[in-house]
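A closer look at the structure
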Protein chains: 2
Amino acid sequence: MKFSTAVLGLAALSSICSCQEYELEDGTDHSNRPLIHLTPDKGWMNDPNGLWYDAKDELWHAYYQYYPEVAHWGRPLAWGHSVSSDLTIWNDTGVAIRPHRNDSGAYSGSMVIDYNNTSGFFNGSVDPRQRVIAMWTFDSPGSETQHISYSVDGGYTFIDYEQNPVLDINESNFRDPKVTWHEETSKWIVTIAHSQKFEILIYSSPDMKDWTLESSFSHSGFLAFQYECPGLVKVPVVKASNNDYVPANLTYPNSTTYNSSYFNTTFSQGDELEEAWVMFLSVNPGGPLGGSVNEYFIGDFNGTHFTPFTPQTRFVDFGKDFYAFQTFFNTPNGKDVIGLAWASNWQYCEAVPTRSWRSSMSIARNFTIQEYAPNPESVELNLNSMPVYDRESLIANQSRITTHNRTLEKNSAIHLNLSNNGTGVFDFNLTWSLNSSVYTNSDVAEFSLYLIGSDNSEEYLRIGYEGNSGAFFLDRGHSDVDFVSRNPFFTDKLSTYLEPYETLENGLNSYKVYGIVDRNLIELFFNDGSEAMTNLFFFSDGNYINEVDIRTSIDHCYNIEELSIQQLGI
Amino acid sequence: MKFSTAVLGLAALSSICSCQEYELEDGTDHSNRPLIHLTPDKGWMNDPNGLWYDAKDELWHAYYQYYPEVAHWGRPLAWGHSVSSDLTIWNDTGVAIRPHRNDSGAYSGSMVIDYNNTSGFFNGSVDPRQRVIAMWTFDSPGSETQHISYSVDGGYTFIDYEQNPVLDINESNFRDPKVTWHEETSKWIVTIAHSQKFEILIYSSPDMKDWTLESSFSHSGFLAFQYECPGLVKVPVVKASNNDYVPANLTYPNSTTYNSSYFNTTFSQGDELEEAWVMFLSVNPGGPLGGSVNEYFIGDFNGTHFTPFTPQTRFVDFGKDFYAFQTFFNTPNGKDVIGLAWASNWQYCEAVPTRSWRSSMSIARNFTIQEYAPNPESVELNLNSMPVYDRESLIANQSRITTHNRTLEKNSAIHLNLSNNGTGVFDFNLTWSLNSSVYTNSDVAEFSLYLIGSDNSEEYLRIGYEGNSGAFFLDRGHSDVDFVSRNPFFTDKLSTYLEPYETLENGLNSYKVYGIVDRNLIELFFNDGSEAMTNLFFFSDGNYINEVDIRTSIDHCYNIEELSIQQLGI
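So, here's what we can say about the structure. (Residues numbered from 1 in each chain as written. Chains lettered and ligands numbered in written order. Predicted model: local features only at pLDDT ≥ 70, side-chain atom pairs only at ≥ 80, totals over all residues. Heavy atoms only, no water.)

Each helix and strand counted, chain A has four helices and 35 strands in total. The long-range share in chain A, meaning contacts at least 24 apart out of those at least 6 apart in sequence, stands at 66%. In the form shown here, chain A has an accessible surface area of approximately 18300 Å², with 44% of it arising from carbon and sulfur atoms. (Helix = DSSP H or I, 4+ residues; strand = E, 2+ residues; numbered from the N terminus. Contact = heavy atoms within 4.5 Å. Areas by Shrake-Rupley, 256 points an atom, 1.4 Å probe, with all protein chains shown as cover.)

This is the structure in structure tokens:
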């Protein structure tokens with residue numbers, strides 16, 4: 001285990017449960033394991049659960065659906081646990097919650113900090129900042145009910161509430177409670193998926209024990225097979241035209257610098273909108289791209305009912321590997337909205353070519369609502385996200401490549417090499433401009449970055465942009481790994497439409513993408529986070545990307561305004 | 001031109017317009033051109049327009065966005081015209097409507113039959129069944145307005161209304177009028193996309209000339225970049241549990257056999273719902289799969305307002321090549337809802353590897369609303385579609401392969417060969433059952449049909465089903481055609497989730513797919529049309545599919561209950 005008690009200031013206590021004990025053994029195939037993403041040391045992981053920030057120990061806690069025995073989903077399904085001081089390096093602390101029956105599962109749920117001891121679970125020995133209560137779904141054959149458990153050791157071990165379940169509506173598809181605190185009514189609010197009825201049930205409680213059904217939010221979005229993992233959270237609104245917001249990705253944890261802009265902004269329709277509620281929702285199987293997808297709705301929540309501003313359907317991420325997103329309860333400044341998703345897809349998650357462990361979480365993202373013009377005639381509210389991690393600590397002694405103002409030509413590729421002893425981990429900032437006068441609608445007017453493996457150049461990711469379609473694309477199909485070509489669901493070519501970021505002085509439109517590559521995961525954030533795309537990719541073991549070739553199909557169409565590639569290491 | 005005046009009983013008159021005349025020359029690259037789908041003889045085609053059925057001559061008229069000069073979109077953009085007696089073989093009759101300025105376009109629109117001469121355009125010399133009026137968008141730089149034109153020769157040439165435009169709201173993105181007749185209020189109703197405002201404007205008129213704005217349907221569905229090609233149509237509701245409906249695909253034009261079931265059915269929620277209104281809507285660019293996608297909403301229309309029953313987003317087709325769907329005004333029995341879509345995607349439509357012509361329409365589809373269980377706990381209304389074409393005429397002297405009750409084994413592929421002088425056109429009916437007890441969640445439990453080219457077996461389509469994901473998949477990436485591998489938007493792997501069709505006597509669930517393959521287009525209809533998937537594919541010229549190999553990854557998991565493959569020819 002990587003877990004260091006020194007970091008935590010606490011020893012991981014053994015669970016009080018008497019059911020099957022999981023043996024954790026060190027995995028053997030770590031070569032392509034992401035470095036700066038949460039992965040389980042060993043075994044199977046899916047949904048993030050119980051995310052919370054411990055303000056006393058300044059520690060992020062992430063739990064997750066966990067089957068440690070083998071790297072496949074199985075029962076008894078537990079909650080694994082990992083902690084991080086910086087949302088960058090995670091330390092696996094093993095099983096935190098396990099079901100009391102081997103044929104069952106501690107399914108997804110969330111945690112809250114019960115500062116005021118509304119539950120009565122805590123006495124003075126537990127710091128108010130660490131009074132955590134988990135609410136989770138006890139899944140047993142034919143039944144799903146909601147249980148609560150609390151911790152008196154800062155989130156490492158949990159005690160089941162004696163009178164569980166706290167919610168039982170005699171249903172077998174009733175799961176994934178995500179609890180929040182509603183300040184105005186001084187109540188706990190939980191959203192739970194009544195999955196196959198396509199409704200999110202909203203309950204309130206004064207004490208986390210007695211729950212009253214308040215409303216149902218149903219048949220919204222793209223329904224697919226079922227609803228899972230709902231979540232309701234208040235998100236700051238940032239006005240784009242007066243945005244002195246500093247993306248957290250570059251500066252975290254120094255997040256105070258950008259909070260001043262949250263609360264003096266104006267919504268374009270003339271309303272003074274400082275914050276809005278966002279309902280997150282996951283659907284699987286049957287997402288439009290195949291399998292799993294995360295949706296969201298922006299609206300208002302009055303303590304009992306969530307009302308979306310519009311009936312439209314929106315997706316949090318346009319990649320194929322972003323599911324079951326959940327936000328942290330509490331953040332250092334109490335206002336940021338930060339969360340994690342599971343970076344995989346149920347269509348192929350159990351077949352991906354890792355062995356002793358399977359699945360990673362996305363990088364943490366910081367969410368804001370921003371004005372956004374999806375086309376020249378509209379301004380809409382949009383959920384913006386940028387990654388949050390301690391970049392400064394990762395760039396020490398690592399090489400950096402920059403180039404700027406390079407007009408691309410068909411017969412002259414640009415070759416950029418990262419250092420030979422590559423880590424397989426880097427980020428990049430790319431700004432390009434488009435001269436649309438040099439091509440016609442009959443051209444494929446693209447430029448591509450080929451992100452090429454160091455040991456085998458036949459393995460590469462291709463990413464780029466094409467002018468006629470207005471879309472940024474990713475092709476992850478160029479690999480010798482059998483899974484990539486054979487698995488019928490590992491979609492090769494994915495894309496997302498982009499509006500221009502800004503118009504340059506020369507009149508050309510420019511576009512931006514910020515990317516993080518971590519061994520077998522690429523996360524792209526467009527135009528400062530108005531859209532994002534998370535995708536797995538798989539090269540042969542140890543064949544880390546260390547070369548970037550830039551090519552175009554049209555002369556003088558694209559100018560690389562700025563490209564910097566920063567190798568990252570730990 | 002293939003057009004035969006004998007078929008029509010009318011000569012194609014020359015247009016009255018004096019602008020640029022288009023010269024039609026015979027194309028040269030017909031080898032992979034679909035046989036039983038509408039394609040232009042030469043030049044560029046996109047959206048279907050002005051679809052109507054002529055009950056006097058028993059002829060289907062389809063118009064389409066047309067640029068005949070080259071096989072790329074261009075101005076002046078006209079309406080091409082093609083006719084068919086059976087929705088199977090189409091005869092290109094050339095340009096029907098053209099704009100009066102060369103820098104402009106006769107953009108998409110629709111046609112109605114003005115039986116009662118509400119417009120005053122017709123006198124006794126025109127049979128009421130042929131009193132057609134087109135409503136279309138005149139697009140010129142910076143402006144889009146609605147024009148009407150009428151025909152006194154049965155739809156071959158059109159006369160522009162002298163007082164055009166009939167609708168001008170001083171906007172540049174206001175297009176694609178689709179007109180219907182609203183019986184209850186005795187008015188024409190048109191839906192027009194106010195594209196970049198994400199609204200569908202609904203107007204009414206007594207005479208097709210004077211239009212009154214009644215309402216706006218906005219911000220519904222998945223918005224993407226913009227709305228296009230709306231359409232409002234009344235669709236029969238068929239109760240699945242009492243369904244003596246005979247799918248039109250096998251028997252058309254003998255459609256009277258199934259209409260009796262339309263109007264004595266019961267909606268499962270207890271309402272007597274005989275029909276409902278469906279709003280169709282296309283969005284592009286920015287669809288979830290990339291580029292273009294067609295959505296729909298089921299609801300009620302009271303003559304002024306459309307109200308969807310639920311706020312959910314639904315897609316008409318889960319493939320990547322189904323856009324700008326439009327229904328025919330009038331059908332032989334006056335109740336069927338039949339329409340065509342453009343079978344391509346704006347992300348790559350101009351780059352597909354055909355030369356003298358580009359794009360085809362989908363096969364015609366007959367739509368009904370049926371009860372459907374998207375999961376074991378819900379019953380929803382669903383838009384069902386099955387293909388409509390004259391299959392009987394296509395199977396004469398063509399070979400047929402059938403097999404049934406074949407349990408698949410890993411080491412024993414099934415090889416099926418179509419005749420050596422293959423046409424590249426066939427359909428198939430496949431029913432399989434799934435034994436989910438023989439695999440675990442860690443298996444990729446798939447079976448695949450490899451549809452292999454006759455000249456080059458490296459070129460194949462792979463379609464099949466996988467048990468853990470519950471999805472049917474298609475992989476169109478195995479081709480020597482450069483476009484297939486190089487174009488960054490020609491997504492290889494696509495899939496759709498399937499619910500079981502029925503439970504067999506042995507307790508196993510079974511599933512059904514009906515497929516039509518026509519040279520470079522494959523259309524799949526699942527479980528009698530509850531879901532559909534339309535996708536282009538490209539093999540080398542003349543390399544028609546003539547072999548089907550069936551393989552599985554798991555022994556005794558799949559049983560081919562029934563497979564018949566029918567070669568088709570004209």
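Next up on the list: the sheet that holds strand β10 (residues 187-194) of chain A. Hydrogen bonds along the backbone pair up the strands of a sheet, which may run parallel or antiparallel. All names here are of chain A. Pairing is antiparallel in the open sheet, where four strands are placed in the order β9-β10-β11-β12. Pairing within the sheet leaves two strands with one partner each, and these edge strands are β9 (174-182) and β12 (212-218). The average undirected angle you get between the axes of adjacent strands in this sheet is 25°. Of the pairings in the sheet, the one linking β9 to β10 comprises seven bridges and is antiparallel in character. The residue bridging lysine 178 from the neighbouring strand is threonine 191, located in β10. (Pairing = 2+ DSSP bridges. Axes fitted to C-alpha atoms, helices over the stretch in contact; angles between N-to-C directions.)

Here the focus is the nonpolar core. Core analysis: the largest hydrophobic core is formed by 124 residues, its most contacted members being Phe428, Trp432 and Phe447 of chain A together with Phe428, Trp432 and Phe447 of chain B. Not counting residues up to four positions away in its chain, the partners in contact with phenylalanine 447 of chain B are Leu408, Leu430, Trp432, Ile463, Gly464, Tyr465, Phe473, Ile550, Arg551, Thr552, Tyr558 and Ile560 of chain B. (Core = buried A, V, L, I, M, F, W, Y, C linked by side-chain atoms within 4.5 Å. Buried < 20%, exposed > 50% of the residue type's maximum accessible area, 1.4 Å probe, protein only.)

Our next topic: the interface of chain B and chain A. Facing the 60 residues of chain B at the interface are 60 residues of chain A. Together, the buried faces of chain B and chain A total about 5200 Å²; carbon and sulfur atoms form 53% of this surface. Ranking the residues of chain B by area buried against chain A places Glu377, Pro488 and Lys493 of chain B at the top, with a combined share of 15%. At the boundary of chain B and chain A, one finds two salt bridges. Measuring nitrogen to oxygen at the nearest pair gives 3.8 Å for the salt bridge that ties lysine 493 of chain A to aspartate 492 of chain B. (Buried area = accessible area lost by both parts, 1.4 Å probe. Salt bridge = Lys/Arg side-chain N within 4 Å of Asp/Glu carboxyl O.)

Residue and element names in this part refer to chain B. Most of strand β11 (residues 199-205) sits out of view: seven of its seven residues are buried. Both faces of β11 are covered, namely the face carrying Glu199, Leu201, Tyr203 and Ser205 and the face carrying Ile200, Ile202 and Ser204. With seven bridges joining them, strand β10 (residues 187-194) and β11 adopt antiparallel strand pairing. Paired with isoleucine 192 across the strands is leucine 201, a residue of β11. Sheet analysis places β11 next to strand β12 (residues 212-218), joined by six bridges and oriented antiparallel.

With that out of the way, let us pick up the pairing of strand β15 (residues 293-301) of chain B. Each regular strand carries side chains that alternate between the two faces of the sheet. Residue and element names in this part refer to chain B. The buried count for β15 comes to eight of nine residues, which makes it a mostly enclosed element. Judged from the seven bridges that link them, strand β14 (residues 275-283) and β15 form a sheet pairing that is antiparallel. Counterpart to leucine 281 in the pairing with β15 is glutamate 295. Sheet analysis places β15 next to strand β17 (residues 314-315), joined by two bridges and oriented antiparallel. Of the residues in β17, the one forming a bridge with tyrosine 296 is arginine 314. Both β15 and strand β16 (residues 306-308) contribute to a ladder of three bridges, which runs antiparallel. Bridge pairing in β16 places aspartate 300 opposite threonine 307. Taken together, β15 and the strand that follows it, β16, pair antiparallel across an intervening segment of four residues, in which glycine 303 is found at a positive phi of about 105°.

Residue and element names in this part refer to chain A. One open sheet accounts for four strands, arranged β5-β6-β7-β8; its pairing is antiparallel. Of all the strands in the sheet, just β5 (105-113) and β8 (159-160) have a single pairing partner and so form its edges. Taken together, the two bridges between strand β7 (residues 143-150) and β8 define a ladder with antiparallel strand orientation. Residue pairing across strands places serine 149 opposite aspartate 160, the latter belonging to β8.

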